[in-house]
Amino acid sequence: MRVAMIGAGYVGLVSGACFADFGHIVTCVDTVAAKIEALKAGQIPIFEPGLAEIVANNVKAERLFFTTSLAEAVAEADAVFIAVGTPSRRGDGHADLSYVYQAARDIAGAIGRYTVVVTKSTVPVGTGDEVERIIRETRPDAEFAVVSNPEFLREGAAIADFKRPDRILVGSEDERARQVMTELYRPLYLNQAPLLFTTRRTAELTKYAANAFLATKITFINEIADLCEQVGGNVQDVARGIGLDNRIGSKFLHAGPGYGGSCFPKDTLALIKTAQDHGAPIRIVETVVAVNDQRKRAMARKVIAALGGSVRGRTVGVLGLTFKPNTDDMRDAPSIAIITALQDAGARIRAHDPEGVEQARLVLDNVDYVDSPYQAADGADALVIVTEWDAFRALDLRRIHALMARPVVVDLRNIYRPDEMAAIGFSYSSVGRENSAG
Ligand code: UDX
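Residues numbered from 1 in each chain as written. Predicted model: local features only at pLDDT ≥ 70, side-chain atom pairs only at ≥ 80, totals over all residues.

### As for the site of the ligand
Going by this rule: Only the C-beta atom, placed from the backbone, is used; a residue is near a molecule or strand if that atom lies within 6 Å of it. Each helix corresponds to a stretch of at least 4 residues labelled H or I by DSSP, and each strand to a stretch of at least 2 residues labelled E; elements are numbered beginning at the N terminus. Gly is placed with the polar residues, together with every amino acid not listed as nonpolar (Ala, Val, Leu, Ile, Met, Phe, Trp, Tyr, Cys and Pro) or charged (Asp, Glu, Lys and Arg).
Among the 19 residues in the neighbourhood of the ligand, the closest are listed as Glu155, His254, Tyr259, Gly261 and Cys263. A total of 3 residues in the shell around the ligand trace back to one element, the largest contributor, which is helix α10 (residues 200-231). Its residues assigned to classes, the shell around the ligand comprises 10 nonpolar, 5 polar and 4 charged.

Shown next, in the form of structure tokens:
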């Protein structure tokens, strides 16, 4: 099959490369000429494990192409995926659909034979109807169907998520389009991944429901963690105790500094707005968003408390800046709110992240970025673990202890054990577990 992927960003690039790996002929289109030139030269604009190899292999096999010419790519395609950004609109939290609608207009002008137009971007319910209307208005003669096929890719694990999905969701009432989608995903389908057909609107809503549910699960365990700290419980044991119940499931029950990233914050807000607009507010998600926002600042207060109530003039070492490991993505990273609050309280920040520093420089001022965890600890009055990169899981703790001005560690990801930290002599606090003093 021939595929055109509109938008060579995170989702477009991963999906395009993986479809090519299945044997389809894929052309990725982007309006940013510099990005297309870089991709043609073999440079991948994002950090995603395994992506560079898949791109290189499929370019070499002449199954994956890059261009700025949408018209050429679309004219040839059996399926055209819209994988452009849908950021939060400034001010009201609604998803900004201007890129999606522009793509629809451009596609309309270029459609040749029967074409399946697929929205891969996360879009509010009813967007597919509007995309269909735009194309129909521009090209009353065109033969096409508009399908919703949301992605469930996690950054850092996107290739594996694409190739071994829990399910593939296809929202379409058009039988011919369903057949094209089945053909496109055949390698996965043959591999037992459930292919779920729904109406277009249901598929659009399902994506938001999935992300909002996961954000709720995280926020729930975070609040249980706060209670554990007050009553002397251990949140990891609680998570295991509830997670072994199949009805609950053990994933997404890691307490931490609150969720961030490019999806959960934006998608929960968009769902809230859609629900309010339709007179069916989802109050549980409204609360989740408010609780998660407050949580990030509360984490800064935790650090201040660990230093006896003030960080003025103190140096705080920060390990991990990205919103999660294995990405360079800083969007809505908890580190931003935590570091800003600590700076407001008078702290000097020295930070290390294996991949995120370049992006962090764009959003965080007055931070001393260093090249290793040990440099971050050197002379610091406290060391805060914000992102659970594997490289932080087996630090030479005695060396860290010797380097620090004061042996205070605040572990917001619970990657160390209170007893081992106490044994080395750290004053150690974490999330939803007992504090320990060495
Ligand atoms: C998410 C969804 O998982 C994916 O299906 C969707 O398509 C896009 O959004 P992503 O944002 O890449 O993917 O990251 P994810 O691994 O889901 O983590 C999101 C945030 O939740 C991170 O800030 C992470 O640290 C946090 N999190 C996750 C927790 O705090 N605790 C957990 O138990 C799980």
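Additional details are given in the paragraphs that follow.
### Looking at helix α13 (residues 283-306)
Inclusion rule: Take the number of residues in a helix, subtract one, and multiply by 1.5 Å to get its expected span. To sort residues by exposure, count the other C-beta atoms lying within 10 Å of each residue's C-beta; 20 or more gives buried, 12 or fewer gives exposed, and values between give partly exposed, all with C-beta atoms placed from the backbone.
Spanning 24 residues, α13 covers 34 Å between terminal C-alpha atoms, matching the ideal 34 Å at 1.5 Å per step. Buried within α13 we find Val285, Val288, Val289, Asn292, Arg295, Lys296, Met299, Ala300, Val303, Ile304 and Ala306.

### Here's the deal with the domain arrangement of the protein chain
Put simply, the test is: Domain segmentation is taken from an automatic or database assignment of domains.
Domain annotation of the protein chain identifies domain 1 (2-198) and domain 2 (290-437). Put simply, the middle of domain 1 and the middle of domain 2, counted by C-alpha atoms, are 38 Å apart. Each residue belonging to the side of domain 1 that touches domain 2 can be placed in one class, and the counts come to 2 nonpolar, 1 polar and 1 charged.

### Here's the deal with the UniProt feature "binding site: substrate" (unreviewed entry) in the protein chain
For the record, the criterion: UniProt positions are given in the numbering used here, feature names are shortened, and annotations may be inferred rather than shown by experiment. Note on contacts: each residue gets a C-beta atom placed from the backbone, and two residues are in contact if those atoms are within 7 Å.
The positions UniProt marks with the feature "binding site: substrate" (unreviewed entry) are Phe152, Leu153, Arg154, Glu155, Lys207, Phe252, Leu253, His254, Ala255, Gly256, Gly260 and Lys324. These annotated residues cover 173 residues of sequence, and their C-alpha atoms reach 23.8 Å apart at the extremes, leaving them scattered rather than at a single site. You can see Glu155 is positioned in the loop between β6 (144-148) and α7 (158-163). For Glu155, a count of 24 C-beta atoms within 10 Å corresponds to the buried category. Those residues in contact with Glu155, other than ones at most four positions away along the chain, are Glu48, Gly261, Lys324, Thr327 and Asp329.

### Quick notes on the pairing of strand β1 (residues 2-6)
This is how it is decided: Two strands pair if DSSP finds at least two bridges between them. For a crossover, the right-handed case is the one in which the path from the first strand over the helix to the second runs clockwise, viewed with the strands pointing away from the viewer.
Along β1, 4 of the 5 residues are buried, which leaves the element largely enclosed by surrounding structure. The sheet contact formed by β1 and strand β2 (residues 25-29) spans 5 bridges and is parallel. The partner of Val3 across the bridge, within β2, is Val26. Since β1 and β2 lie parallel, the crossover through helix α1 (residues 10-21) that links them has a hand, and here it is right-handed. Across 4 bridges, β1 lies against strand β4 (residues 79-82) in parallel orientation. Considered in β4, the bridge of Val3 is made with Ala79.

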